[in-house]
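# Examining the three-dimensional arrangement
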Amino acid sequence: MTMSFSAPLVKIKSLHKSYGPHIQVLKGLDIEMKPGERVVVIGPSGGGKSTLLRVMMGLEKIDSGSISFAGKPYISSEAADKKTVIDTEVRRSIGMVFQHYTLFPHLNVIQNLILAPCKVRGENKASATKRAQALLERFGLGAKASAYPAQLSGGQKQRVAIARALMLDPKLMLFDEVTSALDPELVAEVEQVILQLAAQDMPMMIVTHDMWFAKNIASRVIFCAGGVVVEDGPPEQVLGSPKEERTRDFIERVFHIRH
Amino acid sequence: MAYDFSVVLRFQDALALGLWMTIKLTLICVVLGCSLGFFIGLARTSRSAFLRAVSSIYVEFFRGTPVLVQLFWIFFCLPLILGVELSNLASGVIALTLYMGAITSETFRASLKSIGPEQLDACVALGLPRRVQVTSVILPQAVLRAVPTLLSNCVSLFKESALVSAVGMADLMFVGQNISNNTARPVEVLTVVALIYFVIAFPLTRAVTLVERRVLAKLAI
Ligand SMILES: Nc1ncnc2c1ncn2[C@@H]1O[C@H](COP(=O)(O)OP(=O)(O)OP(=O)(O)O)[C@@H](O)[C@H]1O
Ligand SMILES: [Mg+2]
């Protein structure tokens, strides 16, 4: 990527999003993310965290505002007819992993991984399979290449889902509570994989309720509530000594529950 | 009263021919009907209001009228309207295919609808174009999911096909009825006919359960 180091990787400008006429979820969100940053988004349930990530992935329509990636606006709303315009070419630089399991159940692990590279980029099957196998080895899943999703544990499924997204060489990864459907003993293996990506400077935006994980992975934490950014800063500040009262309340409550 | 089942053996060749007709008719209509049902199922979930309307009318009509009436209509009215002679087999195939198409289209529609929205989210997040979403993700899962119900539909068709005897097609039921009338041995002949249907349908019904379990186990996410 050719750009000056301080130019934002993602720039979200006064993003508004509602579901139907009555449920306003995002009420003018502004976020700038620099290359190499790992942003953890925390906030109360229903605060719009998933919605934010889904909008960034191009899965939801927006009311107004815009999002740019690497200087190129790729999601915007046409003022005239309120139509959401999505640049699918730019969107391909972004990968996402969801809270729910989203592997394709009729395909085995390798087939899940190579589907998009082969069909979207026209990569040949042999080379995609080779890359997939290497990625699986790296994530400790080498032996599962020909297993079907139903034969995997939740932790394995999520690791495969991460590998599947990485097959497309994303320049930004979005993680929406990828461990919250997992049994507690399976959480660590998935978080390890994400930490491994972090160690390679993969830019990412992560929604999580796991404060230990947030602390370990974040280069920056955003506290999002009521559809706006309430507090935004380094993890020591937002998680350690938040400036805003609402953040403090939330952090106290979450840590209280966790301990 | 003494039962004499040897009468059945005397007519075994005729019964075998009747059974062959039943099986042939069922197999042809299974293949044609499932194919038709697949496309009608797609049309019913399509974005085009026109396709949805046409396919709905077709399905509701064939589900809402007795198969026997449909058969009679196709045997006796369709040739008049079209002005062409249709062989018995052709009429039977048309009638049961249209019926099977309506039934299986509902099966396909239900299986299409059972694919969760999160599968589509994953498709979008992977940048899959619409065509690939449909051919590589949605349709294979829908077909796989439909298999157990389709098998049930096929077993039903095998049994329902006995109705064609009413319009004079020489299927198992028709042959059995004739033998029973001519020999005045309804108990022996019709019991054996029933047993033949059962011996074929029953293992298939059990197979449906097994297949269903395997499909569900495979598609569990
Ligand atoms: N498809 C939808 N239709 C209608 N309302 C929705 C839809 N998706 C989300 N909402 C509503 O939007 C609000 C924000 O939801 P969102 O899932 O973004 O919150 P969240 O911050 O991710 O919460 P959680 O921590 O529980 O995951 C909630 O009130 C939710 O009920
Ligand atoms: Mg959420």
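Quick caveat, the model's predicted, so the values are computed rather than measured.

Reading the values: rules and limits
Residues numbered from 1 in each chain as written. Chains lettered and ligands numbered in written order. Predicted model: local features only at pLDDT ≥ 70, side-chain atom pairs only at ≥ 80, totals over all residues. Heavy atoms only, no water. Helix = DSSP H or I, 4+ residues; strand = E, 2+ residues; numbered from the N terminus. Pairing = 2+ DSSP bridges. Axes fitted to C-alpha atoms, helices over the stretch in contact; angles between N-to-C directions. Contact = heavy atoms within 4.5 Å. pLDDT = per-residue confidence, 0-100. Buried < 20%, exposed > 50% of the residue type's maximum accessible area, 1.4 Å probe, protein only. Lys, Arg positive; Asp, Glu negative; His and termini not counted. Salt bridge = Lys/Arg side-chain N within 4 Å of Asp/Glu carboxyl O. Polar contact = N/O pair within 3.5 Å; in protein donor to acceptor, adjacent residues only side chain to side chain. Phe/Tyr/Trp six-rings, centres within 6.5 Å; stacked < 30°, edge-to-face > 60°. Lys NZ or Arg CZ within 6 Å of the ring centre and 35° of its normal. Near = heavy atom within 4 Å. Areas by Shrake-Rupley, 256 points an atom, 1.4 Å probe, with all protein chains shown as cover. Nonpolar A, V, L, I, M, F, W, Y, C, P; charged D, E, K, R; others polar. Core = buried A, V, L, I, M, F, W, Y, C linked by side-chain atoms within 4.5 Å.

With that out of the way, let us pick up the environment of Arg63 of chain B. Tracing the chain through its elements places Arg63 of chain B in helix α3 (residues 49-63). As for Arg63 of chain B and Ala194 of chain B, which are separated by 131 residues in sequence, their C-alpha atoms are 26 Å apart.

Turning our eyes to something else, we now look at the sheet that holds strand β9 (residues 204-207) of chain A. All names here are of chain A. Taken together, six strands build an open sheet; the order of strands is β7-β8-β9-β3-β10-β11 and the sheet is mixed. Whereas interior strands pair on both sides, the edge strands pair on one side only; in this sheet they are β7 (94-97) and β11 (228-233). Between one strand axis and the next, the sheet turns by 20° as a mean value, whatever way the strands run. Summarising the sheet, β7 and strand β8 (residues 172-176) pair through four bridges and their orientation is parallel. Each residue of the ladder has a partner; that of Met96, found in β8, is Leu174. Packed on one face of the sheet, helix α1 (residues 49-56) meets β3 (38-42), β7, β8 and β9 and runs near 150° to β8.

Here the focus is the confidence of the model for chain B. Looking at chain B, pLDDT values average 93 and 99% of them are 70 or higher. Here the predicted complex carries an ipTM of 0.90, next to a pTM of 0.86.

With that settled, consider the side chain of Arg164 of chain A. Topologically, Arg164 of chain A is positioned in helix α5 (residues 154-166). Buried and unpaired, Arg164 of chain A has no salt bridge, with Asp121 of chain B as the nearest side chain of opposite charge at 10 Å. A distance of 3.0 Å separates a polar atom in the side chain of Arg164 of chain A from the backbone oxygen of Thr102 of chain A. The contacts of Arg164 of chain A, once residues within four sequence positions are left out, are Thr102, Leu103, Phe104, Asn112 and Leu113 of chain A together with Ala122 and Leu126 of chain B.

Inspection of every chain in the model, using the stated rule, returns 10 aromatic pairs over all chains. Here Phe38 of chain B and Phe108 of chain B contribute two aromatic rings whose centre-to-centre distance is 5.3 Å and whose plane-to-plane angle is 85°, an arrangement assigned as edge-to-face. With a gap of 70 residues between them, Phe38 of chain B in helix α2 (residues 12-44) and Phe108 of chain B in helix α5 (residues 88-113) connect regions that are remote in the sequence. Measuring from centroid to centroid gives 5.5 Å for Phe72 of chain B and Phe76 of chain B, while their planes differ by 45°, and the two rings are tilted. Taken together, the positions of Phe72 of chain B and Phe76 of chain B, both in helix α4 (residues 67-82) and four residues apart, correspond to about one turn of that helix. Judged by its relative accessible area of 34%, Phe72 of chain B falls in the partly exposed class. Put simply, the rings of Phe38, Phe39 and Phe108 of chain B pair up and form one aromatic cluster. Note that Lys17 of chain A overlies the ring of Tyr19 of chain A, its terminal NZ or CZ placed 4.5 Å from the centroid.

Our focus in this paragraph is the site of ligand 1. Residues and elements named next belong to chain A. With respect to spatial proximity, 13 residues lie near ligand 1, and among them Ser45, Gly46, Lys49, Ser50 and Thr51 are the closest. Thr51 has a polar side-chain atom sitting 2.5 Å from an oxygen atom of ligand 1. Glu177 is positioned such that a nitrogen or oxygen atom in its side chain is 3.2 Å from an oxygen atom of ligand 1. In isolation ligand 1 exposes 630 Å². Once the protein is present, 60% of that is buried. Elements with a contribution of two residues or more to the shell around ligand 1: β2 (23-33) and α1. For the shell around ligand 1, the element with the most residues is α1, which contributes three residues. A per-class count over the shell around ligand 1 returns four nonpolar, seven polar and two charged.

Next up on the list: the pattern of salt bridges. Scanning the model with the defined rule gives 16 salt bridges over all chains in all. Between Glu32 of chain A and Lys11 of chain A there is a salt bridge, with its nearest N and O atoms 3.7 Å apart. Of the two residues, Glu32 of chain A is situated in strand β2 and Lys11 of chain A in strand β1 (residues 10-19); the sequence distance between them amounts to 21 residues. By relative accessible area, which is 39% here, Glu32 of chain A ends up partly exposed. Across the pair Glu37 of chain A and Arg220 of chain A runs a salt bridge, and its minimum N-O distance is 2.9 Å. Here Arg220 of chain A lies in strand β10 (residues 220-225) and Glu37 of chain A lies in the loop between β2 and β3, a separation of 183 residues in the sequence. Side by side, Glu37 of chain A and Arg220 of chain A carry an identical accessibility label, which is buried. Each of Arg44, Glu60, Arg63, Glu106 and Arg109 of chain B takes part in a single network of salt bridges with overlapping partners.

Okay, helix α6 (residues 117-125) of chain B next. Taken as a whole, α6 of chain B has its buried residues at Gln119, Asp121, Ala122, Cys123, Val124 and Ala125 of chain B. Contacts from the buried residues of α6 of chain B go to α1, α2 (88-91), β7 and α5 of chain A together with α7 (130-160) of chain B. With its phi angle positive at about 70°, Gly127 of chain B sits one or two positions after the end of α6 of chain B.

Moving on, we get to the nonpolar core. All names here are of chain A. One finds Ile42, Ile162, Phe175, Ile194 and Met204 to be the most contacted residues of the largest nonpolar core, which totals 53 residues. Here this core gets seven residues from one element, more than from any other, and that element is helix α6 (residues 184-199). Other than its neighbours up to four places away in sequence, Ile162 contacts Val97, Phe139, Phe175, Val190, Val193, Ile194 and Leu197. Core analysis: the second largest hydrophobic core is formed by 34 residues, Leu15, Met33, Met57 and Ile62 among them.

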